[in-house]
Structures are given as C-alpha cells and as structure tokens.
2 protein chains.
Amino acid sequence: MGDDHSAARPLRADARRNRERVLQVAQEALASDGLTISFDEIARRAGVGVGTVYRHFPTKEALVEAVLLGRIEGFVADARALSTAEDAGRAFFGWFARVVEQAAPNQALCDMLDAGSGMSLPPGSTLAGDLAAALARLLARAQRVGAVRADLAAQDVHDLLRGCLAAERRALARGGAVRMAEIVCEGMRARTSAPPAAF
Amino acid sequence: MGDDHSAARPLRADARRNRERVLQVAQEALASDGLTISFDEIARRAGVGVGTVYRHFPTKEALVEAVLLGRIEGFVADARALSTAEDAGRAFFGWFARVVEQAAPNQALCDMLDAGSGMSLPPGSTLAGDLAAALARLLARAQRVGAVRADLAAQDVHDLLRGCLAAERRALARGGAVRMAEIVCEGMRARTSAPPAAF
DNA sequence: ATAGAATCGGAGAGCTTTCTCCGTTTGTCT
DNA sequence: AGACAAACGGAGAAAGCTCTCCGATTCTAT
C-alpha cells in the first residue's frame, strides 16, 4: 500500500489541497448517505474529477477506512479505558450508550458497525477482533458484579448494539429523543427482583 | 393495472404454471437474499425467461408485494385481534415477540418493515397506516394498565421493533437463540419498583 | 521563464441492474 | 388437424456503479 503521508516526498500543493477537500466531503457524504454513496457523487460534490478521488484513495474501501477507521478505534479505546473502572455495571452501560449516541447520527458508521452488510472492516486489521474482545471484557466484568443478565453472550450484546443503532438512527431521523439505548440497557440489566417469567 | 386473477379470462395452463413457480421461487429467494435479489436471478432459479417474470409481475415492487403483503397484513390482523384482549400488557408484548419471531427469518420482510430503506409499502395502500394505528392502540392499552413505560411513543416502539428485528436476524444467522425480543420487551416494561402512580 | 514531473479531469471500458420488444413456440378451441 | 391468440424467452436498451487511461494542465525547481 503506497501511502503518501510519509516524508518520502511532500505532496504537491494542489494535490494536498484536493486530498483534504475530498476527505472532508467524503466525511459528510458518508455520514448522511451511508456506505452506498458513489465515487462519482463524492467527486462531484468535492468539485474534482473522479480520477482525482481514485488517485488519493485507490478503492472505495480505502476512502471509507480513511474516514471511519479512527472512529471505531475510538470506541475500542473507550472500552479499554473503562475496562478497569470501579463500577463495572456503569462502565458497561455507559460505553454502550456512548457508542450509540456517537454512531447513530453517522449512517456510514452504523453501516460499518453492522459488519456483514456490505463493506466490513479491512481484512488485514485486527480491529473487529479488538472491538469484540474489549466488549467481551466489559461485559464479563459487569456480569460478575451482577449488573447484567448472566445469560447474555458478547455476540448477543454486539447484535443488540447494532439493533439499537438502527432504532436510534430512525428515531433521530424523525427528530425523536435519544432513548433507545436506555431502553435496551434496561433490558440487559439483571433483574434484581423475581423475573416476570413468560410474557 | 390489468391484473390477470379475475374471472375475465382464465390463464392458459402454461402461464398459470409459470406464475405459480415464479411466486414460489421468489418467496424463497426473497426470504434468504432480501429485497436486493435481481429479477434475472429469480428468472434463472425458476427456469423461465426474464420476460416471463415481468409479464406476470410488471415491476419489482409488484412481485415483492405479491409475496410479502399478506405477511404484513397478518401482523395487522394479529394486532387488531389482540386489541381487546383481557391482559393488555400480555397482548402488547406477545404481539411484539410474535412479529419478531415470524419476521426475523425472512430477510425481505425485515427489509420491508424497515420502511425507508429502499422499497416501502405501496403508496396507494393504507397498510403502513393500519399497522401504525393497530400498534398504537395496543401500546396505549398496555400503558394504561401500567405494563409499559409511559414515556414511549408508538413511533418509538416501531423503531424498537425494527432494531430488534435487525438484532434478531443477526443472532439467527449465527445460530443464536431467539432472545432479542425478550430483552427489548424487558426494557419497554414499566418498572414495578416505581409504579406509574396509577389513577 | 522554462523544462519536466506531478497531478488533474473526465471519457469510457466493463459490469450489474431494471425493464422492453418482438420473433418463435405452445396451448386452446373448433 | 389447423388456425389463432396467448405466452415464452432472451437479446438488448438505458441507467448506474467502480475503476482505468492518457492528453491537458499546473506546480516546482532551476
């Protein structure tokens, strides 16, 4: 992967400017339109030729990664930082709500977190695994102190996170309040009293 | 729209056979591959020319409706039937879980319930409104008896349903248990520890 | 100012998808 | 059996997408 950010040779001024501009436009376009936005459309909005976009980002995945990878890394970092927090329950639910709050307004970020639906994390990276591992640790601690239902697996939480994201995104689109995470968290919480059994 | 199911003139035997076959194949293809399945692919799997598929179903929407509309009508009918049930809380949660259970294994049905993501309900029909109204009624009754959080709007429940569907579908894909609906319902349930002050 | 390299822009190749058209085949009716 | 309408099938038009190519342009260094 011949990147161009090293000190090998400084980019020409116009190239640097265009790269920045494309990144900026792609950021906005992906947030509002999701992963399905086309390169032609990004080029048009950025006011450059499509060839220029491809020179800086050889594939669609490369562009998407450049824009979104950092956000997901942020979630992983958050989870790690919280994995030694004093109140394990608070750490788990806080992280969950935080991810939903931050990712919901960004269509492409949601699409990406929804691995399997089209584009997924880069194959060479361990990011998906890192996220899963960090989440699993947070969950395990919260379950150990009895804050979260014991019958939940990390994968279940992952799926609930995706679902919650979908719900929250919709609610956001119609101007609704940000309450989906709270409700789902309530559902994951261990029942302190007798379980209501059946429906 | 010149339909061909009325008694105007009976379909020729081969036409009838092909129509049935296409419907059958489309049913399966939509369930497993979702709304993005192509007509060419359906024609190929049904062993007929693509022209034949288009003769029976003039647009993609027409085919999708022929396959899925009944399912959604079923959900509406269920909701109506339950809207006078004795235990309003049980009725609400039961309906919610039932819809999730039935729709989750069907990719296209989930896609469709997720209105806004691509194809939506037919414009001329009142189905979307009917569904919303039936759900609203179920919800209102369940809230009146204190079974469901009072701060939930019908739209919130609709969004939670979609999110739950997304989560459940994923869980299903990896062979997980059917538990997402239970968790989300738990989250929607009014906390008994702090009763809604009653009347 | 000018040469030369780096970068640009967008036409277009190659693919997929929806949907149309019409020559050919098949069923039906007498 | 034979005639005629109904139905078939698949080539291909139109549109959209990703990605490539290369002549034209713009920057940089001397």
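Higher on the page you've got the structure.
Residues numbered from 1 in each chain as written. Chains lettered and ligands numbered in written order. Predicted model: local features only at pLDDT ≥ 70, side-chain atom pairs only at ≥ 80, totals over all residues. Heavy atoms only, no water.

Trainee: A description of the protein's contact with DNA strand C should follow, citing residues and the corresponding values.
Mentor: Near DNA strand C you find 23 residues, and of these A:Arg12, A:Asn18, A:Gly51, A:Arg55 and B:Tyr54 are the closest. Separating a base nitrogen of DNA strand C from a side-chain N or O atom of A:Arg12 is a distance of 2.4 Å. At 3.1 Å from a phosphate oxygen of DNA strand C is found a main-chain nitrogen or oxygen belonging to B:Ala13. Those elements giving two or more residues to the surface near DNA strand C turn out to be helix 1 (13-33) and helix 3 (50-56) of chain A together with helix 1 (13-33), helix 2 (39-46) and helix 3 (50-56) of chain B. (Near = heavy atom within 4 Å. Polar contact = N/O pair within 3.5 Å; in protein donor to acceptor, adjacent residues only side chain to side chain. Helix = DSSP H or I, 4+ residues; strand = E, 2+ residues; numbered from the N terminus.)

Trainee: Before we move on, could you go through the packing of aromatic side chains and cite the residues and values that matter?
Mentor: Summed over all chains, the structure comprises 4 aromatic pairs over all chains. Summarising the aromatic geometry, the rings of A:Phe92 and A:Phe93 are spaced 5.3 Å apart at their centres and angled 75 degrees between planes, so their arrangement reads as edge-to-face. The class of A:Phe93 is buried, set by a relative accessible area of 8%. Above the ring of B:Phe93, the side-chain terminus of B:Arg189 is found at 4.3 Å from the ring centroid. (Phe/Tyr/Trp six-rings, centres within 6.5 Å; stacked < 30°, edge-to-face > 60°. Buried < 20%, exposed > 50% of the residue type's maximum accessible area, 1.4 Å probe, protein only. Lys NZ or Arg CZ within 6 Å of the ring centre and 35° of its normal.)

Trainee: Before we move on, can you summarise the interface of chain B and chain A with the specific residues and values?
Mentor: Facing 33 residues of chain B, the contacting portion of chain A comprises 30 residues. Of the roughly 2700 Å² buried at the junction of chain B and chain A (both faces included), carbon and sulfur atoms supply 56%. Our count for the chain B to chain A interface comes out at 10 salt bridges. For A:Arg179, the salt bridge goes to B:Asp156, with nearest N and O atoms at 2.5 Å. Taken together, the connections running from chain B to chain A amount to 13 residue pairs in polar contact (both at pLDDT 80 or more). Those elements that place two or more of their residues in the side of chain B that touches chain A are helix 5 (88-103), helix 8 (154-173) and helix 9 (180-188) of chain B. (Contact = heavy atoms within 4.5 Å. Buried area = accessible area lost by both parts, 1.4 Å probe. Salt bridge = Lys/Arg side-chain N within 4 Å of Asp/Glu carboxyl O.)

Trainee: Which residues make up the protein's contact with DNA strand D, and what values do they have?
Mentor: Close to DNA strand D lie 23 residues, the nearest being A:Tyr54, A:Lys60, B:Arg12, B:Asn18 and B:Arg55. Restricting attention to atoms of DNA strand D within 4 Å of the protein, one finds that 61% of them are sugar or phosphate atoms. Here a phosphate oxygen of DNA strand D sits 3.1 Å away from a polar atom, N or O, in the main chain of A:Ala13. Here a phosphate oxygen of DNA strand D sits 3.0 Å away from a polar atom, N or O, in the side chain of B:Thr52. Split by residue class, the surface near DNA strand D holds 9 nonpolar, 7 polar and 7 charged. (Nonpolar A, V, L, I, M, F, W, Y, C, P; charged D, E, K, R; others polar.)

Trainee: Which residues make up the relation of the copies chain B and chain A, and what values do they have?
Mentor: Mapping chain B onto chain A is achieved by rotating through 179 degrees and translating by 0.0 Å along the same axis, at an RMSD of 0.1 Å. The transformation just described matches what one would write down for a two-fold rotation axis. A share of 85% of interface residues in chain B that are also interface residues in chain A marks the association as one of identical surfaces. (Least-squares fit on C-alpha atoms with pLDDT ≥ 70 in both.)

Trainee: Break down the side chain of A:Asn106 for me, with residues and values.
Mentor: Residues and elements named next belong to chain A. Checked against the element boundaries, Asn-106 lands in the loop between helix 5 (88-103) and helix 6 (107-113). A polar contact of 3.1 Å, which involves the side chain of Asn-106, links it to the backbone nitrogen of Leu-109. Excluding residues within four positions of it along the chain, Asn-106 makes contact with Gln-27, Leu-30, Ala-31, Leu-68 and Arg-71.

Trainee: Break down empty space enclosed by the protein for me, with residues and values.
Mentor: Going through the model one piece at a time under the given rule, you end up with 2 cavities of 30 Å³ or more. Taken together, A:Leu160, A:Gly163, A:Cys164, A:Ala167, A:Val184, B:Leu160, B:Gly163, B:Cys164, B:Ala167 and B:Val184 make up the full set of residues lining the largest cavity. For the lining of the largest cavity, the per-class residue count stands at 8 nonpolar, 2 polar and no charged. The calculated volume of the second largest cavity comes to roughly 30 Å³. In terms of lining residues, the second largest cavity is bounded by A:Phe75, A:Trp95, A:Val99, A:Leu113, A:Leu131 and A:Leu161. Looking at the lining of the second largest cavity, its residues break down into 6 nonpolar, no polar and no charged. (1 Å grid on protein atoms, 1.4 Å probe; cavity = no way out; pocket = protein on both sides within 12 Å on 5 of 7 lines; lining within 4 Å. Points joined across faces, edges and corners; volume = space filled by probe spheres on them.)

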